[in-house]
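# Tertiary structure, described
The chain contents come next:
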Amino acid sequence: SSPIPPMSSDDETPANDGLDNPDVVTKYKAAADIANATLLHALSLLLPSATLSSVCRAADAHLDALAAKVYSKPIPVPGDNSGKKRVIEKGVAFPCTVSVNHCAAHASPLPGSAEDRVLKAGDVAKVHLACHIDGLIASVGTTVVVAEEG
């Protein structure tokens, strides 16, 4: 049996969401640019005395601000000839996490919670986050050692 092509939500036309569609590639690239810029911003915040929660929240806000600047105009609904338009959803696909030392991944504590902690020089910090544009996700991460302030 042959695989059934994905269908768009509003009609019986197969969705063209593959990498052969230039719009899909452009959205992936835009999401990657935003994710990479946000990762650099998050790394700049990894200073002794910063809390994990403050870094995570600032990175997520930065990502949302960058995402708000792209695909901000409604676009025609594919396959619909009535002139209907839709807004492209975009923003945080995976909230920023900063996991320190022995914590392997996915630490994104609430401010003031028992899991929130203050970074110090010499901590090994693993940062991970992701952006999506129209459901197309770009995920980035890296590991750094928190430097001395100054």
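What this report covers is the structure whose coordinates are included nearby. Values in this document were obtained by computation on a predicted structure and should not be read as measured data.

When helices and strands are tallied, the chain shows 2 helices and 5 strands. In the chain, the succession of helices and strands from N to C terminus is α-α-β-β-β-β-β. Across the 150 residues of the chain, 31% fall into the buried class. The contacts of the chain with a sequence gap of at least 6 include a subset with a gap of at least 24, amounting to 63%. A total accessible area of about 8,800 Å² is found for the chain, and carbon and sulfur atoms account for 59% of it.

Applying the stated rule across the entire model yields 0 aromatic pairs. Lying over the aromatic face of Tyr71, Lys27 brings its terminal NZ or CZ to 6.0 Å of the ring centre.

Our next topic: the nonpolar core. Ranked by size, the top nonpolar core spans 27 residues in total, and within it Leu46, Cys96, Val98, Leu119, Val127 and Leu129 carry the most contacts. Elements supplying a minimum of two residues to this core: α1 (22-44), α2 (52-67), β3 (90-100), β4 (124-133) and β5 (136-145). Residues in contact with Val98, not counting those within four places in the same chain, are Leu46, Leu52, Val55, Cys56, Ala107, Ala125, Lys126 and Val127.

Another point: the pattern of salt bridges. Enumeration according to the criterion identifies 4 salt bridges in this entry. Close ionic contact of Arg86 with Asp134 constitutes a salt bridge, the shortest N to O distance being 2.8 Å. You can see Arg86 sitting in strand β2 (residues 85-86) and its partner Asp134 sitting in the loop between β4 and β5, a full 48 residues away along the chain. Residue Arg86 is classed as partly exposed on the basis of its relative accessible area, which comes to 27%. In this structure Asp134 comes out as partly exposed when scored by relative accessible area, which is 25%. Close ionic contact of Asp123 with Lys120 constitutes a salt bridge, the shortest N to O distance being 4.0 Å. What makes Lys120 partly exposed here is its relative accessible area of 48%.

Our focus in this paragraph is the side chain of Ser53. Note on placement: Ser53 falls in helix α2. For Ser53, a relative accessible area of 4% puts it in the buried group. Among the polar contacts made by the side chain of Ser53, one reaches the side chain of Asp116 at a distance of 2.6 Å.

Moving on, we get to the environment of Ser44. Checked against the element boundaries, Ser44 lands in helix α1. Considered as a pair, Ser44 and Val55 are 11 residues apart in the sequence and their alpha carbons are 9.3 Å apart.

Thresholds applied
- Residues numbered from 1 in each chain as written.
- Predicted model: local features only at pLDDT ≥ 70, side-chain atom pairs only at ≥ 80, totals over all residues.
- Heavy atoms only, no water.
- Helix = DSSP H or I, 4+ residues; strand = E, 2+ residues; numbered from the N terminus.
- Buried < 20%, exposed > 50% of the residue type's maximum accessible area, 1.4 Å probe, protein only.
- Contact = heavy atoms within 4.5 Å.
- Areas by Shrake-Rupley, 256 points an atom, 1.4 Å probe, with all protein chains shown as cover.
- Phe/Tyr/Trp six-rings, centres within 6.5 Å; stacked < 30°, edge-to-face > 60°.
- Lys NZ or Arg CZ within 6 Å of the ring centre and 35° of its normal.
- Core = buried A, V, L, I, M, F, W, Y, C linked by side-chain atoms within 4.5 Å.
- Salt bridge = Lys/Arg side-chain N within 4 Å of Asp/Glu carboxyl O.
- Polar contact = N/O pair within 3.5 Å; in protein donor to acceptor, adjacent residues only side chain to side chain.

Remember that the coordinates give geometry; whether it matters functionally is a separate question.
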